[in-house]
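A look at the structure
Residues per chain, in single letters:
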Amino acid sequence: MPLLQTRELDAHTLLGVWLLDEAPEALRPLLPAHLIPDENLQLAHPRRQREWLASRALVYQLLQQFTSEPLPLLRDATGKPVFAESQFQLSITHSPRLAAVILSEKYDVGIDIEQVSAKALRVADKFLTEQEKVFTAADEQQTCLYWSAKETLYKMYSQKQLIFKENLLVEPSHGPENNLLQGHVITDNFSKLYQIHHEVLHNHVLTYSVDR
């Protein structure tokens, strides 16, 4: 079982990362009996099945460290994964190679993972401001990092209808830690700053935020 790591971020929050090596058939037995897969999962490409199954298996591995209750994993009206009638907050992300989950019993959380590739540079004009282009300096990994950071901010806000270039702003943190960015969600009636942690893992950038 290629679970790369689980990590305690604080007394209330866990993070896990899974390397996607198994076939879907090997992942299905890892899911709890009460979890009902998406209706169209059987029709999906095996890669998509693997991403869905591994990420949900990881969700319940982390959840077991807090509770043994058989909580169903659902989606709210915006598509955000939720445990109905529960205090737990979670966020899920995956690529063809990795799945990652952040779960908290107390705080709002967001997570994203992006494979480092030239794609981010090709579409940078769509999601980076002119100032952010200065920060990323047309560097492939840095551009992917800012893309991932904005995806994490998007999940933290969780209300959709955001324009990455206008409503989600990212800049280097002014603190002593070198693995932090500062993110700002701005809309007509909302403005909030978030700390975004980041790291590089298996040629991916991983970003996450815990709203403490």
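The structure contained in this document is the topic of the report that follows. (Residues numbered from 1 in each chain as written. Predicted model: local features only at pLDDT ≥ 70, side-chain atom pairs only at ≥ 80, totals over all residues. Heavy atoms only, no water.)

This part covers the pattern of salt bridges. Counted according to the given criterion, the structure contains 8 salt bridges. Here Glu199 and Arg7 are joined by a salt bridge, their closest N and O atoms 3.0 Å apart. Taken together, the residues span a long stretch of sequence, with Glu199 in strand E10 (residues 190-201) and Arg7 in strand E1 (residues 3-10) at a distance of 192 residues. With a relative accessible area of 21%, Glu199 lands in the partly exposed category. Given a relative accessible area of 23%, Arg7 falls into the partly exposed group. For Glu130, the salt bridge is made with Lys133, and the minimal N-O distance between the two is 3.2 Å. Of the two residues, Glu130 and Lys133 both sit in helix H5 (residues 130-136), 3 residues apart, roughly one turn of that helix. Lys133 sits in the partly exposed class, given a relative accessible area of 24%. (Salt bridge = Lys/Arg side-chain N within 4 Å of Asp/Glu carboxyl O. Helix = DSSP H or I, 4+ residues; strand = E, 2+ residues; numbered from the N terminus. Buried < 20%, exposed > 50% of the residue type's maximum accessible area, 1.4 Å probe, protein only.)

What follows covers the packing of aromatic side chains. Going through the model one piece at a time under the given rule, you end up with 7 aromatic pairs. Between Tyr60 and Phe83 the ring centres are 6.0 Å apart and the planes differ by 75°, which places this aromatic pair in the edge-to-face class. In this pair, Tyr60 sits in helix H2 (residues 46-63) while Phe83 sits in strand E4 (residues 81-83), placing the two residues 23 residues apart along the sequence. Residue classification places Tyr60 among the buried residues on the basis of a relative accessible area of 6%. Phe83 sits in the buried class, given a relative accessible area of 3%. Arranged with centres 5.7 Å apart and planes meeting at 45°, the rings of Phe66 and Phe88 form a pair that is tilted. A residue pair is termed long-range when its members are at least 10 positions apart, and Phe66 in the loop between H2 and strand E3 (73-75) and Phe88 in the loop between E4 and strand E5 (89-94) qualify at 22 residues. By relative accessible area, Phe66 is classed as partly exposed at 24%. Since its relative accessible area comes to 6%, Phe88 is described here as buried. By the ring-pair criterion, three or more aromatic residues cluster together here, those being Tyr60, Phe66, Phe83 and Phe88. (Phe/Tyr/Trp six-rings, centres within 6.5 Å; stacked < 30°, edge-to-face > 60°.)

A word on the side chain of Ser55. Locating Ser55 in the fold gives a position in helix H2. The exposure class assigned to Ser55 is buried, which follows from its relative accessible area of 0%. Of the polar contacts made by the side chain of Ser55, one reaches the backbone oxygen of Trp52; its length is 2.9 Å. A polar atom in the side chain of Ser55 sits 3.0 Å from the side chain of Arg56. When sequence neighbours within four positions are dropped, the list of residues in contact with Ser55 reads Ile92, His94, Ala99 and Val101. (Polar contact = N/O pair within 3.5 Å; in protein donor to acceptor, adjacent residues only side chain to side chain. Contact = heavy atoms within 4.5 Å.)

All right, on to the sheet that holds strand E11 (residues 204-211) then. The 5 strands are arranged E7-E11-E10-E9-E8 in an open sheet whose pairing can be described as antiparallel. Because the sheet does not close on itself, it has two edges, and the strands there are strand E7 (108-115) and strand E8 (168-172). Pairs of neighbouring strands in the sheet enclose a mean axial angle of 25°, with direction left out of account. Pairing of E8 with strand E9 (residues 180-187) involves 5 bridges; the strand directions are antiparallel. Of the residues in E9, the one forming a bridge with Glu171 is Gln182. Packed onto the sheet, helix H6 (residues 140-157) meets E7, E8, E9, E10 and E11 and runs at close to 150° relative to E7. (Pairing = 2+ DSSP bridges. Axes fitted to C-alpha atoms, helices over the stretch in contact; angles between N-to-C directions.)

Here the focus is the sheet that holds strand E6 (residues 98-104). What the 4 strands build is an open sheet, ordered E1-E2-E6-E5; its pairing is antiparallel. Each edge of the open sheet is held by one strand with a lone partner, namely E1 and E5. Neighbour-to-neighbour, the strand axes of this sheet turn through a mean angle of 10°, independent of strand direction. Of the pairings in the sheet, the one linking E5 to E6 comprises 6 bridges and is antiparallel in character. If you follow Ser91 over to E6, its bridge partner there is Ile102.

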